[in-house]
Amino acid sequence: MKQTEQKVIRFIDENRLIEKKDNILIALSGGPDSVFLLHFLIKYKKRFNITIAAFHLNHMLRGNEANEDEKFCKEICADLKIKFFNARKRVNNYAKKNKLSVEIAGRTLRYIELERIAKKYGYNKIATGHNLNDNTETVLLNLIKGAGLRGLSGIPLKRGNIIRPVLVLEKEEIINYLNKNKIPFRIDPSNTSIVYERNFLRNEVIPLLKTELNPSLDRSVLKTASVVRAANEFIKKKIPELSKEIISDNGGQLFVNVEKLLLLDEELYGEILKTAIDKYFIFQTSSDEIKRIVSLLNVQSGKQIKLSKELTAVRERDRIFIGKNIFPDEMTGSYKLKPGKSLLVDNKKISIKNISSYNQSLKKKRNEEIISADNLSDTFWIRRWKPGDRFYPLGMKGSKKVSDFLTEKKISSIIKRNQLVLINDDKVVWVVGLRIDDRFKVTTETKRIYRLCLS
């Protein structure tokens, strides 16, 4: 019995999971792992010089059994004289609303509530009862799903303020300890159901692997996961340095330099992209989504994929754009704009100002144009360009299709698709922000002048 406790103490000390004067909030489900963790930390509370509390989330999935779990946890904490916090969340509803599996929804809500309680009441660490078997299940599940290095690293010993002090113990060892010490715990009947993918691994696949291939599977997986974790940590340290020349951020959008990314080993593509997306958009990308982004490296310009309701990735000539709301809602029709007024379109302010008289020294500022108003009506229209639109680009001979002009200017398909034009009497006066029509340039004979402004 002492051997089990010493194993956990060594594990905690070697990995510096607990520091003196830590305030620890324990995730208490009522199952054997969390009950062991609770009793262990209480027994060695003075040794570690810590304070302890527990939190239980009622998932409201198993009716009265779930209520009995909650009651059990509350009574344990009352007997042990420690603070107890609890919450009730309809996990099924959350799963449906967010299109998640019940397992992931439950885990997500549990951590949200744990963080909320910890922050509100001043607990600097959260301890969960994940054990060695849980780690094996996680690694194998991620392997089957094609996860990268991060997924094959297993359950981290610590992540931020979350620690896993009993990750060193097998489930059987924990249950034997509790039974010998006559410490009661609850068993969730759903853990035996193979409806859930993790349970299928736990109850069907892993026992067969241990019987036929390796009785010490859990230890072997832990060792391998540790090696993968070390490799992943090394790569993570290199990613920022490698990303400097490949990933750039511009106004909430990521630009991926395709040419420079292709110079690296293929194995690094996913890590660089995932790290950048998770950092800039706080969006946890799956391995499948990363593969879809990587697939853009070998497609024609203009190809796009949706990563979420808001996040989109688009392939351009020499780069990939990743951003939110890259393509605004389609404009329907045109917007009227009178001289002396301004209009907000696609978060761009466009205005037309009267200038009383021509002046040779008249200078235009950035994003501004000066045009002759002599042959223009006082009603302008703003809209997106259309196929077939033509104009006479200032400084060029003859007319040109707006689409060809944008292509020659090497305008990205994202910007090209949303390009605005200023129209007067069915003529393109201004390809907004880029070029005016030569027919409306200011000359020494111009009597009336408009200043076109974009901001």
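Because the structure is a prediction, the values reported are computed rather than measured.

Asks: Explain the packing of helix α2 (residues 32-43) against helix α9 (residues 171-180) to me, please; I cannot follow it from the model alone.
Replies: Any two packed helices are characterised by the angle at which their axes cross and by the distance between the axes. Interaxial distance between α2 and α9 falls to 10 Å at its minimum, and their mutual angle equals 60°. By the criterion of interaxial angle, the relationship of α2 to α9 is oblique. Like other packed secondary-structure pairs, α2 and α9 cross with a definite hand, here left-handed. Counted together, Pro-32, Asp-33, Val-35, Phe-36 and Lys-43 of α2 and Lys-171, Ile-174, Ile-175, Tyr-177 and Leu-178 of α9 form the full contact between these two elements.

Asks: Sorry, what's going on with the packing of aromatic side chains here?
Replies: All told, the structure shown has nine aromatic pairs when counted by the stated rule. A ring pair is formed by Phe-36 and Tyr-177, whose centres lie 4.9 Å apart and whose planes are at 85°; its orientation type is edge-to-face. Of the two residues, Phe-36 is situated in helix α2 and Tyr-177 in helix α9; the sequence distance between them amounts to 141 residues. Arranged with centres 6.4 Å apart and planes meeting at 55°, the rings of Phe-40 and Phe-48 form a pair that is tilted. Across this residue pair, the class does not change: Phe-40 and Phe-48 are buried. Among the aromatic side chains, those forming a connected cluster through ring pairs are Phe-36, Phe-40, Tyr-44, Phe-48 and Tyr-177. One Lys or Arg, Arg-159, reaches over the ring of Tyr-111 and ends 5.7 Å from the middle of that ring. Directly above the aromatic system of Phe-255 lies the positively charged group of Arg-319, at a separation of 4.6 Å from the ring centroid.

Asks: Honestly, the pairing of strand β13 (residues 342-345) in this entry has me stumped. Any pointers?
Replies: Residues in a regular strand project their side chains so that they alternate between the two faces of the sheet. Alternating positions in β13 separate cleanly, Leu-343 and Val-345 being buried on one face and Ser-342 and Leu-344 remaining unburied on the opposite face. For β13 and strand β14 (residues 348-355), the ladder comprises four bridges, and the chain directions are antiparallel. The residue bridging Ser-342 from the neighbouring strand is Ser-351, located in β14. Count of turn residues in the β13/β14 antiparallel hairpin: two residues, of which Asp-346 carries a positive phi of about 50°.

Asks: Explain helix α13 (residues 266-281) to me, please; I cannot follow it from the model alone.
Replies: The end-to-end C-alpha distance of α13, which contains 16 residues, comes to 23 Å, matching closely the 22 Å that a straight helix rising 1.5 Å per residue would cover. Along α13, the residues classified as buried are Leu-268, Tyr-269, Glu-271, Ile-272, Leu-273, Lys-274, Ala-276, Ile-277, Asp-278 and Phe-281.

Asks: Help me out: how do you make sense of helix α10 (residues 197-212) in this one?
Replies: In an α-helix, one full turn covers 3.6 residues, which means residues spaced three or four apart are oriented alike. Between its first and last C-alpha atoms α10 spans 21 Å; for 16 residues at 1.5 Å apiece the expected length is 22 Å, and the two agree. Of all the bends in α10, the largest measures some 35° and sits at Val-205, one to four residues before the proline Pro-207. Every buried residue belonging to α10 is among Arg-198, Asn-199, Leu-201 and Ile-206, and all of these are buried. On its buried face, α10 sits against α6 (102-121), α7 (132-144) and α11 (217-243).

Asks: Help me out: how do you make sense of the sheet that holds strand β21 (residues 435-436) in this one?
Replies: Strand pairs in the sheet, formed through backbone hydrogen bonds, run parallel or antiparallel to each other. Strand order in the open sheet formed by five strands is β12-β16-β19-β20-β21, with antiparallel pairing between adjacent strands. The two strands at the open ends of the sheet, each matched to only one other strand, are β12 (335-337) and β21.

Asks: Before we go on, may I ask you to explain the pattern of salt bridges in this structure?
Replies: For side chains of opposite charge, pairing can occur when their charged atoms come near one another. What the rule picks out here adds up to 20 salt bridges. Ionic pairing is found between Asp-69 and Arg-186, a salt bridge with its closest N-O pair at 2.6 Å. Residue Asp-69 is found in helix α4 (residues 64-80), and its partner Arg-186 is found in the loop between α9 and α10; the two are separated by 117 residues along the sequence. Residue Asp-69 is classed as buried on the basis of its relative accessible area, which comes to 7%. Taking relative accessible area as the criterion, Arg-186 reaches 26% and is therefore assigned partly exposed. Each of Lys-89, Glu-113 and Arg-116 takes part in a single network of salt bridges with overlapping partners.

Asks: Help me understand unusual backbone geometry in this model?
Replies: Trans peptide bonds make up most of the peptide bonds, and negative phi angles are found at most residues other than glycine. Despite not being glycine, Arg-16 shows a phi value in the positive range, around 50°. Relative to the assigned elements, Arg-16 resides in the loop between α1 (2-14) and β1 (23-27). Overall, the relative accessible area of 62% leaves Arg-16 in the exposed class. The phi dihedral of Lys-81 falls on the positive side, at around 60°, and the residue is not glycine.

Asks: So what exactly am I meant to see when it comes to the packing of α1 against α2 here?
Replies: Where α1 meets α2, the axes come as close as 12 Å, and the angle between the chain directions of the two elements is 80°. One finds that α1 runs roughly perpendicular with respect to α2. Packed against α1, whose contacting residues are Thr-4, Glu-5, Val-8, Ile-9 and Ile-12, the element α2 presents Phe-36, Phe-40 and Lys-43 at the interface. Counted by class, the contact of α1 with α2 contains five nonpolar, one polar and two charged residues.

Asks: Any chance you could explain the environment of Ile-112 here in plain terms?
Replies: Within the fold, Ile-112 resides in helix α6. Overall, Ile-112 belongs to the partly exposed group, its relative accessible area being 42%. Considered as a pair, Ile-112 and Phe-11 are 101 residues apart in the sequence and their alpha carbons are 27 Å apart.

Procedures and definitions
Residues numbered from 1 in each chain as written. Predicted model: local features only at pLDDT ≥ 70, side-chain atom pairs only at ≥ 80, totals over all residues. Heavy atoms only, no water. Axes fitted to C-alpha atoms, helices over the stretch in contact; angles between N-to-C directions. Helix = DSSP H or I, 4+ residues; strand = E, 2+ residues; numbered from the N terminus. Parallel < 35°, antiparallel > 145°, perpendicular 65-115°, else oblique. Left-handed = near helix turned anticlockwise from the far one by under 90°. Contact = heavy atoms within 4.5 Å. Phe/Tyr/Trp six-rings, centres within 6.5 Å; stacked < 30°, edge-to-face > 60°. Buried < 20%, exposed > 50% of the residue type's maximum accessible area, 1.4 Å probe, protein only. Lys NZ or Arg CZ within 6 Å of the ring centre and 35° of its normal. Pairing = 2+ DSSP bridges. Expected span 1.5 Å × (residues − 1). Bend = angle between axes of the 7 residues up to and from the residue. Salt bridge = Lys/Arg side-chain N within 4 Å of Asp/Glu carboxyl O. Nonpolar A, V, L, I, M, F, W, Y, C, P; charged D, E, K, R; others polar.

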